[in-house]
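Residue-level structure breakdown
Take a look at the letters that make up each chain.
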Amino acid sequence: MKVAVLMGGSSFEREISLASGKRVCAALEEAGHKVVPLDTVKDLVPTLRSERPQVAYSALHGKHGEDGTIQSLLEFLEIPFVGAGSAVCRDTWNKAALPAVMEAYRAANNGEISASWPKGVCIARDAFKDMGAATALDLVEQRIPGGYPVCVKPACGGSAMGVHKVESQADLGQAILDALTFDDEAVIEQWVDGVELAVSILGSSWDAHALPPVEIVAHGLYDTEARLTDGAVDFFTPVRLESLSDKEDEAQAIRAEIERAALEVYRAYGMRDLGRVDMIWDGAQPRVLEINVSPGMTDSSLFPAACEAAGLSLPSVFDQLVMQYQ
Amino acid sequence: MSSAHLKFDHTDEMVAGRVKKMRSSAVRDLFAAATRPDIISLSGGMPDVRLLPTSALQKAVEAACGSQRAAALQYGATNGRVETRQVFSGLMRDIGVRCKPDEILITTGAQEALDLIAKTFIDPGDIILTEGPTYLGALQAFSAYEPDVRCIPFDEEGMRMDLLEEELRKIGKGGAKFLYTIPNFQNPGGVTMVPARRKRLLELSEEYGFLVVEDDPYGRLRYDGGHVIPLKALSDEVVYLGTISKIFAPGLRTGWIAAPKSILAKINLVKQGTDLCGSSFDQVVVEHYFTDTPWEKTLQKFVETYAARRDAMLAALQEFFPPEASWTHPEGGFFVWVTLPGYVDTASMLAVALEAGVTYTPGDGFYPDGVRGKNSMRIAFCYESPENIREAIRRLAVVIEERLELYRAFLEAGAL
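Below you will find a few notes about this structure.

Rules and cut-offs
Residues numbered from 1 in each chain as written. Chains lettered and ligands numbered in written order. Predicted model: local features only at pLDDT ≥ 70, side-chain atom pairs only at ≥ 80, totals over all residues. Heavy atoms only, no water. Phe/Tyr/Trp six-rings, centres within 6.5 Å; stacked < 30°, edge-to-face > 60°. Helix = DSSP H or I, 4+ residues; strand = E, 2+ residues; numbered from the N terminus. Buried < 20%, exposed > 50% of the residue type's maximum accessible area, 1.4 Å probe, protein only. Lys NZ or Arg CZ within 6 Å of the ring centre and 35° of its normal. Pairing = 2+ DSSP bridges. Contact = heavy atoms within 4.5 Å. Axes fitted to C-alpha atoms, helices over the stretch in contact; angles between N-to-C directions. 1 Å grid on protein atoms, 1.4 Å probe; cavity = no way out; pocket = protein on both sides within 12 Å on 5 of 7 lines; lining within 4 Å. Points joined across faces, edges and corners; volume = space filled by probe spheres on them. Nonpolar A, V, L, I, M, F, W, Y, C, P; charged D, E, K, R; others polar. Polar contact = N/O pair within 3.5 Å; in protein donor to acceptor, adjacent residues only side chain to side chain. Patch = residues over 30% accessible without salt bridge, like charges linked within 9 Å, V, L, I, M, F, W, Y side chains within 5 Å. Areas by Shrake-Rupley, 256 points an atom, 1.4 Å probe, with all protein chains shown as cover. Salt bridge = Lys/Arg side-chain N within 4 Å of Asp/Glu carboxyl O. Lys, Arg positive; Asp, Glu negative; His and termini not counted. Charge placed at Lys NZ, Arg CZ, Asp CG, Glu CD. Buried area = accessible area lost by both parts, 1.4 Å probe.

Time to look at the packing of aromatic side chains. Applying the stated criterion to the full structure yields 17 aromatic pairs over all chains. Measuring from centroid to centroid gives 5.2 Å for A:Tyr57 and A:Phe318, while their planes differ by 80°, and the two rings are edge-to-face. With A:Tyr57 in strand β3 (residues 55–58) and A:Phe318 in helix α13 (residues 314–323), this residue pair connects regions lying 261 residues apart in the sequence. The class for A:Tyr57 is buried, based on a relative accessible area of 2%. Seen in terms of ring centroids, B:Phe142 and B:Tyr180 are 5.5 Å apart; in terms of plane orientation they differ by 85°. Their pairing is edge-to-face. Residue B:Phe142 is found in helix α7 (residues 136–143), and its partner B:Tyr180 is found in strand β6 (residues 176–181); the two are separated by 38 residues along the sequence. The same class applies to B:Phe142 and to B:Tyr180, which are both buried. Between the NZ or CZ atom of A:Arg240 and the centre of the ring of A:Phe236, over which it lies, the distance is 3.8 Å. Cation over ring: A:Arg272 sits above A:Phe81, and NZ or CZ is 5.0 Å from the ring centre.

It is worth spelling out the sheet that holds strand β3 (residues 127–132) of chain B at this point. Residue and element names in this part refer to chain B. As summarised here, the arrangement of the eight strands in space is β2-β9-β8-β7-β6-β3-β4-β5, forming an open sheet in which the pairing is mixed. Because the sheet does not close on itself, it has two edges, and the strands there are β2 (104–107) and β5 (158–159). In the sheet, β2 pairs with strand β9 (residues 255–258) via four bridges, with the strands oriented antiparallel. The partner of Leu105 across the bridge, within β9, is Ile257. Its contacts with the sheet put helix α11 (residues 261–275) on β2, β7 (211–215), β8 (239–243) and β9, and the angle it makes with β2 is roughly 25°.

Rolled over the atoms, a probe with the dimensions of a water molecule shows which regions are left empty. In this structure, the second largest pocket spans a volume of roughly 300 Å³. If you go around the second largest pocket, you meet 16 residues; those closest to its centre are A:Glu29, A:Pro37, B:Leu6, B:Lys7 and B:Phe8. For the lining of the second largest pocket, the secondary-structure elements that each account for two or more residues are α1 (14–30) and β2 (34–39) of chain A. Each residue belonging to the lining of the second largest pocket can be placed in one class, and the counts come to eight nonpolar, two polar and six charged.

All right, on to the sheet that holds strand β8 (residues 185–190) of chain A then. Residue and element names in this part refer to chain A. Pairing is antiparallel across the open sheet formed by four strands, whose spatial order is β5-β8-β6-β7. The open sheet has two edge strands with one neighbour each: β5 (120–124) and β7 (164–166). Averaged over all pairs of adjacent strands, the angle between their axes in this sheet comes to 25°, without regard to strand direction. Where helix α8 (residues 172–182) meets the sheet, its contacts fall on β6 (150–154), β7 and β8, and the angle it forms with β6 comes to roughly 25°.

Tallied over the entire structure, the rule returns three cavities of 30 Å³ or more. Taken together, 13 residues make up the lining of the largest cavity; nearest its centre are B:Ile95, B:Asp216, B:Arg220, B:Tyr240 and B:Trp256. Of all the secondary-structure elements, those providing two or more residues to the lining of the largest cavity are α5 (82–94) and β8 of chain B. Here the lining of the largest cavity takes three residues from β8(B), the largest share from any one element. A volume near 100 Å³ is recorded for the second largest cavity. Of all the secondary structure elements, the ones that give two or more residues to the lining of the second largest cavity are β3, α3 (69–76) and β4 (81–82) of chain A. For the lining of the second largest cavity, the element with the most residues is α3(A), which contributes three residues. Each residue belonging to the lining of the second largest cavity can be placed in one class, and the counts come to nine nonpolar, five polar and no charged.

The next thing to look at is the side chain of B:Arg309. Residues and elements named next belong to chain B. Topologically, Arg309 is positioned in helix α13 (residues 295–320). Under the relative-accessibility criterion, Arg309 is labelled buried at 8%. A polar contact of 2.6 Å, which involves the side chain of Arg309, links it to the backbone oxygen of Cys382. Engagement of the side chain of Arg309 in a polar contact is seen with the backbone oxygen of Glu384, the distance being 3.3 Å. If we skip the residues at most four places from it in the chain, Arg309 touches Asp48, Arg50, Phe381, Cys382, Tyr383, Glu384, Ser385, Pro386 and Ile389.

Quick look at a negative patch on the surface now. A cluster of acidic side chains, namely A:Asp246, A:Glu248, A:Asp249 and A:Glu250, defines a negative patch on the protein surface. For A:Asp246, the position within the fold is in the loop between α10 (241–244) and α11 (248–269).

Moving on to the interface of chain B and chain A. It is common to give the size of an interface as the accessible area that goes away when the parts come together. At the interface, 24 residues of chain B touch 29 residues of chain A. Of the roughly 2,200 Å² buried between chain B and chain A on both sides combined, carbon and sulfur atoms contribute 66%. Looking at the side of chain B facing chain A, the largest losses of area belong to B:Leu6, B:Phe8 and B:Phe410, adding up to 27% of the total buried there. Where chain B touches chain A, the interface holds one salt bridge. Between B:Glu405 and A:Lys129 there is a salt bridge, with the nearest N and O atoms lying 3.6 Å from each other. Sort the elements by how many residues they give to the side of chain B that touches chain A and helix α15 (residues 386–412) of chain B lands first, with six residues. Classifying every residue of the side of chain B that touches chain A gives twelve nonpolar, five polar and seven charged.

Turning next to the pattern of salt bridges. Residue and element names in this part refer to chain B. All chains considered together, the criterion is met by 42 salt bridges over all chains. A salt bridge links Glu287 to Arg81; the shortest N-O distance between them is 2.8 Å. Taken as a pair, Glu287 in helix α12 (residues 280–292) and Arg81 in the loop between α4 (69–72) and α5 lie far apart in primary sequence, 206 residues in all. The same class applies to Glu287 as to Arg81, namely buried.

Shown next as structure tokens:
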């Protein structure tokens, strides 16, 4: 098939996107497809119209790549593409929407789901700037179950930019201001300690299946700097059972629960083809942080590591992903 | 082929690890390179070579093309032409440093000197000390050799010696290889190290056993106050870096290292492998510029022009910038360092500033970790006219004001 691979863009994550795109191109070429690598610049649309690819894959990360922009453009051009549609992307892009999406899913499943998520609030920049919201920050301790520490993060955006662990009210204002550097809304939610996990998923709806969870061990916070620094983070694929429980049976059951929770989130949003759910096992339950519609595909990314652990080669994975659009 | 098409660079995988680490400023470079005609740039540190008199240039170049052409177009000695070294020895004598021509090695700009020094002295993981923030070109040159860079903050009187001493106590004797400083009108800070601190720095260097590398590109561009004796004049052991880039022309890539002979011998060896020798042609031109033309008169024109631009910038900062901002008051050089409240991220603000028609250099690039300095920026007054500088500062103030509105809401609520 003739496949357009979109990458680059103008977001902070451009370089990572180019590395992801390059790897996807190599995988597709190895699987025998004709690949057209494209940067998302001003003449992208004329190029897409003249190239007439049979299917597109977006390896764009961050703004314009994961917020529905590129997806709605491809829908308008009637170019089939791998991955979540624009409406789904708009939902996943805003982390503050996760509780509502998951509550609806829980209600549809008679309250019986494995996934849980940190409780929090989302406050807009204008509420601080024009309505005096900053005078109510003393309420955070009561409103967020468990009080401090809390997590402060921009509602939208990736790579943990603007994410803070706040230990007390004294540091809250500064953290919110920093989060608002990256987005117009700041989320203040429960801080969750535990085993950091990323669960990659392949497939759609009820055929979706989870790949082996990756355990992320950061030496310090798993923040933007840690994500961009070689050696600052260790990955274990699949998650080490001893990280979940001393008893192997129990650990296996927990791993199954983690995978179940990830699939619930994936289905709740109506994802298709592929994605990655980030969560923390807090010792009692899987606490979902966010879902990614365009997982990183670089040499050090979590999704390819999960494929490898599942015994799947990247060329075969991408071959299947594009062939369904033939 | 349309520009949306991408061609992968297959040498990416071959690149050495140290080079991969050198790419983080790509976004900054993108903004720095923005050339929309309505944009006023306060980002570059370019000397205004438009001020150079044509006749003087012609005279200097004619010598290289005429009577001196045989030497000018030939390979030269690794340490440079003796005649050029004599000129630099004279330039140093003017500022109070006694240095013989054989204690000088000519480099391709002071930038090469930084690379040669790093190549000669730094093993991966070695500790070196710098002002924090410091010249980003020095950080780039050093980073290729993977040192552990420790930054010592400065105030209006230069590097803080109390904090240096604190750091040295932690590192211990013999723990740091060298300390890199720009004592005059520092880049990016614009501050000058006062004489008492210079003296203290040299005492500490002796006590803790580290080399002092004195980078002095701006020393002769003083607009107020009196000359401060260079570190090199106080100690022969200092490695001094000079350049003609700011007092003549950076296009003639010519700088020099003045150092004890034992150190020069090591650097000479390293330079042989780097480029054999610098440009003989450039050296001949430089030689004749500083011997056959009224260069001191031209320098005076540079000083007067830059002084007026600095005054315009400081006046505009006072007029337009919000009270939450603070900035340095350079007595010379090219730069003012502006510090905004901690919440303002100048790297992300640059996109907005660009839209408003002004550029600057975000502060994080002047630290090795790229994290500190996030709420600071370097603004250069060397190239634009006083009118343009005023307009640029006015535009920048509007951008900052928008950011500060939110900050003030938190401040008024007592949430900061």
